[in-house]
Amino acid sequence: MPKKIIVAIDEIELQKVKYILNNLDPNKCIIKIGSVAYSAIGNDLLTYSANKGFEIFLDLKFHDIPNTVQKCIEGLVSMPINMLTVHISGGIEMLKGAMEAVKGSNIKVFGVTALTCLSDKDTKQIYKRTVANQVKEMLEIADIADIDGVVCSPLELKLVAKKKNLLSITPGIRLKHTSDDQKRVMTPKEAISLGADFIVIGRPITSSKNIRRSFQEIYESIQ
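Remember, predicted model here, so these are calculated numbers, not experimental data.

(A) Looking closely at the pairing of strand β1 (residues 5–9). Among the five residues that make up β1, five are buried, leaving the element largely enclosed by the rest of the structure. Here β1 shows no split at all, with I5, V7 and I9 on one side and I6 and A8 on the other all buried. Of the strand pairs in this sheet, β1 and strand β2 (residues 29–34) are connected by five bridges, and their pairing is parallel. Looking across to β2, one finds that I6 is bridged to I30.

(B) Spotlight on unusual backbone geometry. Notably, K61 is not glycine yet its phi reads approximately 50°, a positive angle. You can see K61 is positioned in strand β3 (residues 56–62).

(C) Broad picture of the packing of aromatic side chains. This structure, assessed with the given rule, holds two aromatic pairs. With 6.5 Å between their ring centres and 85° between their planes, F110 and F198 make a pair best called edge-to-face. Of the two residues, F110 sits in strand β5 (residues 108–112) while F198 sits in strand β8 (residues 198–201), which places them 88 residues apart along the sequence. Judged by its relative accessible area of 0%, F110 falls in the buried class. Judged by centre distance (5.9 Å) and plane angle (25°), the ring pair of F215 and Y219 falls under stacked. Of this pair, F215 and Y219 both sit in helix α11 (residues 211–221), four residues apart, which is roughly one turn of the helix.

(D) The arrangement of the pattern of salt bridges in detail. Enumeration according to the criterion identifies five salt bridges in this entry. Between K32 and D59 there is a salt bridge whose closest N-O contact spans 3.1 Å. With a gap of 27 residues between them, K32 in strand β2 and D59 in strand β3 connect regions that are remote in the sequence. The same class applies to K32 and to D59, which are both buried. What you see here is one network of salt bridges that share partners, running through K32, D59 and K61.

(E) Geometry of the pairing of strand β4 (residues 83–87). The buried count for β4 comes to five of five residues, which makes it a mostly enclosed element. Covered by surrounding structure in β4 are M83, T85 and H87 together with L84 and V86, the residues of both alternating faces. Of the pairings in the sheet, the one linking β3 to β4 comprises three bridges and is parallel in character. Considered in β4, the bridge of F62 is made with V86. Taken together, β3, helix α4 (residues 66–74) and β4 constitute a β-α-β crossover, and its handedness is right-handed. In the sheet, β4 pairs with β5 via five bridges, with the strands oriented parallel. When the bridges of β5 are listed, M83 appears paired with K108. Crossover β4 to β5 through helix α5 (residues 92–102) is right-handed.

What counts and how
- Residues numbered from 1 in each chain as written.
- Predicted model: local features only at pLDDT ≥ 70, side-chain atom pairs only at ≥ 80, totals over all residues.
- Heavy atoms only, no water.
- Buried < 20%, exposed > 50% of the residue type's maximum accessible area, 1.4 Å probe, protein only.
- Helix = DSSP H or I, 4+ residues; strand = E, 2+ residues; numbered from the N terminus.
- Pairing = 2+ DSSP bridges.
- Phe/Tyr/Trp six-rings, centres within 6.5 Å; stacked < 30°, edge-to-face > 60°.
- Salt bridge = Lys/Arg side-chain N within 4 Å of Asp/Glu carboxyl O.
- Right-handed = clockwise from strand over helix to strand, strands pointing away.

Take a look at the structure:
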């Protein structure tokens, strides 16, 4: 089975990251390095993870003028990363700049549709439309810009399924429905059944007292 699980690493100490990675199997998962870990540890974290055999999803969510985003990504293409993120709301030209920056590499560009912490109330205030309508608009832009895939909550996977050329990365994955900073959530098996190409799971694995066992339980649940 292809590696569908992306484990989110949100630590600021390299020793803690090393402990987590030593309890994970690079043949079964991909590592997500976001702004928390990257800001604290930097490229050393990318190199260490790659040397351990992990594919890397660098989740920095670039969002700036097209030239700036393109140059930021050009500065990263030599690093051992496999996927990265930009905000689709940066516009078509910004997305095209991102794709231009990764040309000739094996890095895939994924566009963030709407953060999973946002509710309908939030998106109506920010974008003057519901989450679903915001995601629909972002998917149209992603399609036109011809990026590799999108990041969306599991609740919008049915919308992504209509875009056959877009891969999906799905955060907001919880082993059970809880109240935390994520609003639009689903269990791993539910998300996979709806067609998620990759699911992002962080704290249920990395904060577990037995990381190896917690990961394996999730891995087996989606087979």
